[in-house]
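The chain contents come next:
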Number of protein chains: 2
Amino acid sequence: MRIDANSVALHTPRGSGSCVIWLTGLSGAGKSTIANSLRERAMAQGMPVAILDGDDVRRGLSQGLGFGHADRRENIRRMAEVARLLSDQGLAVIVAAVSPMREQRAMARKIVGTAFREVHVHASLATCEQRDVKGLYARARRGEVAKFTGISDIYEPPLQPDLVIDTSSCEVAQAASRLMSAFDAWSLRDGSR
Amino acid sequence: MRIDANSVALHTPRGSGSCVIWLTGLSGAGKSTIANSLRERAMAQGMPVAILDGDDVRRGLSQGLGFGHADRRENIRRMAEVARLLSDQGLAVIVAAVSPMREQRAMARKIVGTAFREVHVHASLATCEQRDVKGLYARARRGEVAKFTGISDIYEPPLQPDLVIDTSSCEVAQAASRLMSAFDAWSLRDGSR
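Every value quoted in this text rests on a predicted model; they were computed, and no experiment measured them. (Residues numbered from 1 in each chain as written. Chains lettered and ligands numbered in written order. Predicted model: local features only at pLDDT ≥ 70, side-chain atom pairs only at ≥ 80, totals over all residues. Heavy atoms only, no water.)

Brief notes about the overall build of chain A
Using the following cut-off: A helix here means a DSSP run of H or I that spans at least four residues, while a strand means a run of E at least two residues long, and both kinds are numbered starting from the N terminus. Here the radius of gyration uses the C-alpha set of atoms, whereas the globule reference equals 2.2 Å times the residue count to the power 0.38. Contacts are residue-level and defined by heavy atoms, with any inter-residue pair within 4.5 Å sufficient. Counted as positive: Lys and Arg. Counted as negative: Asp and Glu, with His and the chain ends omitted from the count. A charge is said to be at NZ when it belongs to Lys, at CZ for Arg, at CG for Asp and at CD for Glu.
A count of helices and strands for chain A gives 7 helices and 5 strands. Reading the secondary structure of chain A in the N-to-C direction produces β-α-β-α-α-β-α-β-α-α-β-α. For chain A, the C-alpha radius of gyration of 17 Å lies close to 16 Å, the compact-globule estimate for 193 residues. With respect to the three principal axes, the spread of C-alpha positions in chain A is 65 × 35 × 30 Å. Long-range contacts, defined here as pairs at least 24 residues apart, represent 76% of the contacts in chain A between residues at least 6 apart. Across chain A, 26 positive and 21 negative side-chain charges occur, with their mean positions spaced 2 Å apart.

Here we look at the interface of chain B and chain A
Applied cut-off: The term buried area refers to how much accessible surface (probe radius 1.4 Å) is lost by two components on association, counted for both of them together. What counts as a salt bridge is simple: a side-chain nitrogen of Lys or Arg found within 4 Å of a carboxyl oxygen of Asp or Glu. By the criterion applied in these results, polar contacts are pairs of N or O atoms within 3.5 Å in which, for protein atoms, one can donate a hydrogen and the other can accept it, and in which residues neighboring in sequence qualify only through two side-chain atoms. Under this grouping Gly is polar, as are all residues other than the nonpolar Ala, Val, Leu, Ile, Met, Phe, Trp, Tyr, Cys and Pro and the charged Asp, Glu, Lys and Arg.
At the junction of the two partners, chain B supplies 49 residues and chain A supplies 49 residues. The junction of chain B with chain A conceals about 3,900 Å² of combined surface from both sides, 59% of it contributed by carbon and sulfur atoms. Linking chain B with chain A are 0 salt bridges. Inspection of the region where chain B meets chain A yields 8 residue pairs in polar contact (both at pLDDT 80 or more). At the level of secondary structure, the elements contributing two or more residues to the side of chain B that touches chain A comprise α1 (31-44), β2 (49-53), α2 (54-59), α3 (69-87) and α7 (172-190) of chain B. Looking at the side of chain B that touches chain A element by element, the count peaks at 7 residues for α3 of chain B. For the side of chain B that touches chain A, the class distribution of residues is 23 nonpolar, 12 polar and 14 charged.

Section: the relation of the copies chain B and chain A
Here is the rule we go by: Our superposition of the copies is a least-squares fit, built on the C-alpha atoms of residues whose pLDDT is at least 70 in both.
By a simple turn and slide, chain B fits onto chain A: the slide is 0.0 Å along the axis, the RMSD is 0.0 Å, and the turn is 180°. Both chain copies can therefore be described as sitting about a two-fold axis. Residue Pro48 of chain B of chain B places its C-alpha closer to the rotation axis than any other residue of that unit, at 3.1 Å.

Considerations on the pairing of strand β5 (residues 163-166) of chain B
Residue and element names in this part refer to chain B. Filter applied, for reference: Think of it in three bands: with a 1.4 Å probe and only protein chains considered, a residue is buried below 20% of the maximum accessible area for its type, exposed above 50%, and partly exposed in between. Should DSSP find at least two bridges between two strands, the strands are regarded as paired.
Of the two faces of β5, only one is covered, namely that formed by Leu163 and Ile165; the face formed by Val164 and Asp166 stays uncovered. The pairing of strand β4 (residues 116-122) with β5 spans 4 bridges and is classified as parallel. Residue His120 lies in a different strand from β5, and its bridge partner there is Val164.

Here we look at the UniProt feature "binding site: ATP" (unreviewed entry) in chain A
Residue and element names in this part refer to chain A. So the rule is basically this: UniProt positions are given in the numbering used here, feature names are shortened, and annotations may be inferred rather than shown by experiment.
Using the residue numbers shown here, the UniProt feature "binding site: ATP" (unreviewed entry) corresponds to Gly25, Leu26, Ser27, Gly28, Ala29, Gly30, Lys31 and Ser32. Of the residues examined, Leu26 reaches a relative accessible area of 10% and is grouped as buried. Among residues more than four places away in sequence, those in contact with Leu26 are Lys31, Val121, Ala123, Ser124, Leu125, Cys128, Tyr137, Thr149, Gly150 and Tyr155. Secondary-structure assignment places Gly30 in the loop between β1 (20-24) and α1 (31-44). With relative accessibility at 5%, the residue Gly30 sits in the buried group.

Let's talk about unusual backbone geometry
Glycine aside, the phi torsion of most residues is negative, and most peptide linkages are trans. Not every positive phi belongs to a glycine, and Asp132 of chain A is a case in point at roughly 35°. With respect to the secondary-structure elements, Asp132 of chain A resides in the loop between α5 (125-131) and α6 (136-141).

Notes on the packing of aromatic side chains
In plain terms, the rule: Between rings of Phe, Tyr and Trp, where Trp is taken as its six-membered ring, a pair exists when centres lie within 6.5 Å; planes separated by under 30 degrees are stacked, by over 60 edge-to-face, and by other angles tilted. By definition, being over a ring means that NZ of Lys or CZ of Arg is both within 6 Å of the ring centre and within 35 degrees of the ring normal.
According to the stated counting rule, one finds 4 aromatic pairs over all chains in the structure shown. When the ring of Tyr137 of chain B is compared with that of Phe148 of chain B, the centres are 5.0 Å apart and the planes differ by 90°; the resulting orientation is edge-to-face. With Tyr137 of chain B in helix α6 (residues 136-141) and Phe148 of chain B in the loop between α6 and β5, the pair connects residues that are 11 residues apart, well separated along the chain. The same class applies to Tyr137 of chain B as to Phe148 of chain B, namely buried. Of note, Arg58 of chain A hangs over the ring of Phe67 of chain A, and the distance from its end group to the ring centre comes to 3.9 Å.

Examining the packing of α3 of chain B against helix α4 (residues 102-112) of chain B
Residue and element names in this part refer to chain B. Quick note on the threshold: Angles here are taken between N-to-C directions and fall from 0 to 180 degrees, while the axes themselves are lines fitted to C-alpha atoms, restricted in helices to the stretch in contact. With respect to orientation, any angle under 35 degrees is reported as roughly parallel, any angle over 145 as roughly antiparallel, any angle of 65 to 115 as roughly perpendicular, and every other angle as oblique. Helix crossings fall into two classes, left-handed where the near helix is turned counterclockwise from the far one by less than a right angle and right-handed where it is turned clockwise.
For the pair α3 and α4, interaxial distance at closest approach is 9 Å and the crossing angle is 25°. Our classification of the angle between α3 and α4 gives roughly parallel. Handedness of the crossing formed by α3 with α4: right-handed. Across the interface between the two elements, His69, Arg72, Arg73, Ile76, Arg77, Ala80, Glu81, Ala83 and Arg84 from α3 touch Glu103, Gln104, Met107, Ala108, Ile111 and Val112 from α4.

Things to note about the sheet that holds β5 of chain B
Residue and element names in this part refer to chain B. The strand order across the open sheet built from 5 strands is β2-β3-β1-β4-β5, with neighbouring strands paired in parallel fashion. Both edges of this open sheet fall to β2 and β5, since each of them pairs with a single strand only. In this sheet, adjacent strand axes meet at a mean angle of 20° when their direction is disregarded. Sheet analysis places β2 next to strand β3 (residues 92-96), joined by 5 bridges and oriented parallel. The partner of Val49 across the bridge, within β3, is Ala92. On top of the sheet, α1 reaches β1 (20-24), β2, β3, β4 and β5; it is set at about 170° to β2, its chief contact.

Some points on the nonpolar core
To keep it simple, the criterion reads: What is meant by a nonpolar core is a set of buried Ala, Val, Leu, Ile, Met, Phe, Trp, Tyr and Cys residues, joined one to another through side-chain atoms within 4.5 Å.
Membership of the largest hydrophobic core comes to 46 residues, with the highest contact counts inside it found for Trp22 and Val95 of chain A together with Trp22 and Val95 of chain B. Beyond its immediate stretch of four places on either side in the chain, Val95 of chain A contacts Val20, Ile21, Trp22, Leu23, Leu52, Met79 and Ala83 of chain A.

Given below as structure tokens:
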């Protein structure tokens, strides 16, 4: 078998791949729900999608990292690197992660390149706390969860997001439809579909 | 928008997803070449595939890790965790990584679960050194690359691999065909296609 250097790895210029849709927002804002719904729609259209969900990544890839500044940054860096790797192979990637700081998301954008799309999945703190799907807000209020975004740690909303979805005023299907339309438009513009 | 706990993340039992094909072997044995060829075939059949190539991962996700025992282990752990995450979403995953130690690959198998398939991409050290696609063997012989598998560090071949492909005695197309057949058989058996 002959092996040549060109076949050794998939070399594509940074950001030339499919979209990386980066969903940022408070816990309970609806990031994972929207990601799963978008994935189902895209897959039904024959478009392969990978989801990098913050909770899953914390349990696996980023096991052992904490919630201090450096560890949060490293967690985001790893997700961005994986997103870039997959996007370069033509997979659409949806990242669903609180990613509270602008600087962290700017780093992610730099790693991913021009394929990066920042989507603010927004709901007020009151709404997210009322939903409290994972019971984390109650625990954070009781002081049982340190550095919990929105309660004991800050969230910096994006200044110029590519899209904002307000989940207090729309249903899941609506939110997914809006994102799917944006995704189609981005993909067409990039020529990546 | 209502959010329920079930929609928060993709919860699938460990190892219930699509195959994770773990290609292990010396540098220059043909892992990346076979991975890319298999990916093209699978994609042509509408089967989404993600490649985790050791070289790419080293440049991105595992940037900053070295080649000592602990760092090599952490590098493999990260690849296995990402492979598992993607496999659980129904993507077939091909990992192409030297992954020289049995213990490292056993860890990867444990992380991935029953979807794990170990494939030994084999060529003799002499053959790999003669190919020397990346010029690394020459550099290792000159002592410029520390802990280079096969030269200054050991490679432990798998004891019970799911498949062995000897790339000194077959062409790329043949190797990819053999792997594609095995992949089809594994996928059918697991009911994951």
